[in-house]
Amino acid sequence: MTTIAIVDYGMGNFHSVARALKYAAPDADIRICNQPQEIAAADRVVFPGQGAMADCMRTLNESGLRDAVVRAAREKPLLGVCVGEQMLFESSEEGGTACLGLFPGVVRRFSGPGFADLIPADDEACLADTGGAGLVDTRPERLKVPHMGWNKVRHTRSHPIWDGIPDDSHFYFVHSYYADPADPGLTVGETDYGVAFTCAVAAANIFAVQFHPEKSAEHGLRLYRNFVDWQP
C-alpha cells in the first residue's frame, strides 16, 4: 500500500487535503505527519500551506520539518499546494521572505492599476453588501485581490498529473501572490487574472499548484488520484 504523508507544520488545510486524498485514493494509506521520520518513511509527500508567507516559513522552520521536506523534494514524488507551491521558490515579495529555494524564481503580488485590494468589512452594512464574506471592494471596476473563486487552468505542456483533466478545466483559487519562475520550463499550467500567471509547476519528481485541488470537485480529485499513480 502506498503511504502518503501530508506535512503538518501548523499552517495548512491538512484535514481537507486528507479527506480529498482518501476519497480519490481509497487504496492509499493517508497520514497527516508532524515528525521528520514519518515524512522520511512515506512513499509520497503532499506539502500544503495557507496564510502569510513569513508565518509559513517561520512555522516550518520551528516545526523541525524543513530538512525533511527538502529531502523529500529530492527523493520522492512531492505535491505542493497553494502556499506549499510558493514556498518551493527562492523568495516572496510578501514581507521579503526567503523561501526554500528549490526552484529559481520569486513569488509576486497581484498589483498595478488593474487591481483593487479587498479590505476587511468592519460593520454590518459592509457584511450585508458582500454576502457576509467579511470583505468589501471599494473599487469594484477593477480585479479584486485576493483572487478568489473558480478559474480556468491552461496546460502549457503535457504531464502525467494532467491525465484525464481537460485543458481549460476550472479549479478553485484563493490567493494574492503567485509564483514567477525564473525558468519558464518549470511552468506546466497558466491562469489568466489580469495577467497570465503560472499556476502549476513541475520538475523531475515535484509537481506543485497554486489552486486548491481539494476544493475543485472532480478535476481536483482526479489530480490527487494522478499524483498517487504518478511514477516520475
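Just so we're clear, the structure is a prediction, and the values are computed from it rather than from any experiment.

**Quick notes on the packing of aromatic side chains**
Evaluation of the coordinates by the stated rule reveals 15 aromatic pairs. Both rings, one in Tyr9 and one in Phe14, keep their centres 6.1 Å apart while their planes meet at 75°; by these two values the pair is edge-to-face. Looking at Tyr9, the relative accessible area reads 3%, which means it is buried. The class of Phe14 is buried, set by a relative accessible area of 6%. Seen from their ring centres, Phe227 and Trp230 are 6.4 Å apart, and the 50° between their planes marks the pair as tilted. Relative accessible area serves as the criterion here: at 0%, Phe227 is assigned to the buried category. For Trp230, a relative accessible area of 5% gives the class buried.

**Some thoughts on the nonpolar core**
Within the largest apolar cluster, 73 residues are counted, with the highest numbers of intra-cluster contacts made by Tyr9, Phe47 and Phe207. Ranked by residue count, the leading element in this core is helix α1 (residues 14-24), at six residues. Those residues in contact with Phe207 that sit more than four places away from it in its chain are Leu78, Leu79, Gly80, His159, Ile161, Trp162, Val188, Ala200, Val201, Ala202 and Trp230.

**Quick word on unusual backbone geometry**
With omega at 10°, the peptide bond leading from Val145 into Pro146 counts as cis. Counting through the fold element by element, Pro146 comes out in the loop between β10 (143-145) and β11 (147-155). Phi is positive for Asp168, close to 70°, though the residue is something other than glycine. By the element assignment, Asp168 lies in the loop between β11 and β12 (169-175). The phi dihedral of Ala204 falls on the positive side, at around 55°, and the residue is not glycine. Given a relative accessible area of 65%, Ala204 falls into the exposed group.

**Some words on the UniProt feature "active site" (unreviewed entry) in the protein chain**
UniProt records the feature "active site" (unreviewed entry) for Cys82, His212 and Glu214 in the present numbering. What stands out for the annotated residues spanning 133 residues is how close their C-alpha atoms remain, the widest pair being 10.9 Å apart. Residue placement: Cys82 occurs in strand β4 (residues 78-82). For Cys82, a relative accessible area of 4% translates into the label buried. As for its placement among the helices and strands, Glu214 is situated in the loop between β16 (206-209) and α7 (217-229). Classification of Glu214 by relative accessible area gives buried; the value is 15%. For Glu214, the residues in contact, after removing those within four places along its chain, are Asn13, Ser16, Val17, Ala20, Val81 and Tyr224. A distance of 2.6 Å separates the side chain of Glu214 from the side chain of Asn13, its partner in a polar contact.

Calculation notes
Residues numbered from 1 in each chain as written. Predicted model: local features only at pLDDT ≥ 70, side-chain atom pairs only at ≥ 80, totals over all residues. Heavy atoms only, no water. Phe/Tyr/Trp six-rings, centres within 6.5 Å; stacked < 30°, edge-to-face > 60°. Buried < 20%, exposed > 50% of the residue type's maximum accessible area, 1.4 Å probe, protein only. Core = buried A, V, L, I, M, F, W, Y, C linked by side-chain atoms within 4.5 Å. Helix = DSSP H or I, 4+ residues; strand = E, 2+ residues; numbered from the N terminus. Contact = heavy atoms within 4.5 Å. UniProt positions renumbered as here; feature names shortened; annotations may be inferred. Polar contact = N/O pair within 3.5 Å; in protein donor to acceptor, adjacent residues only side chain to side chain.

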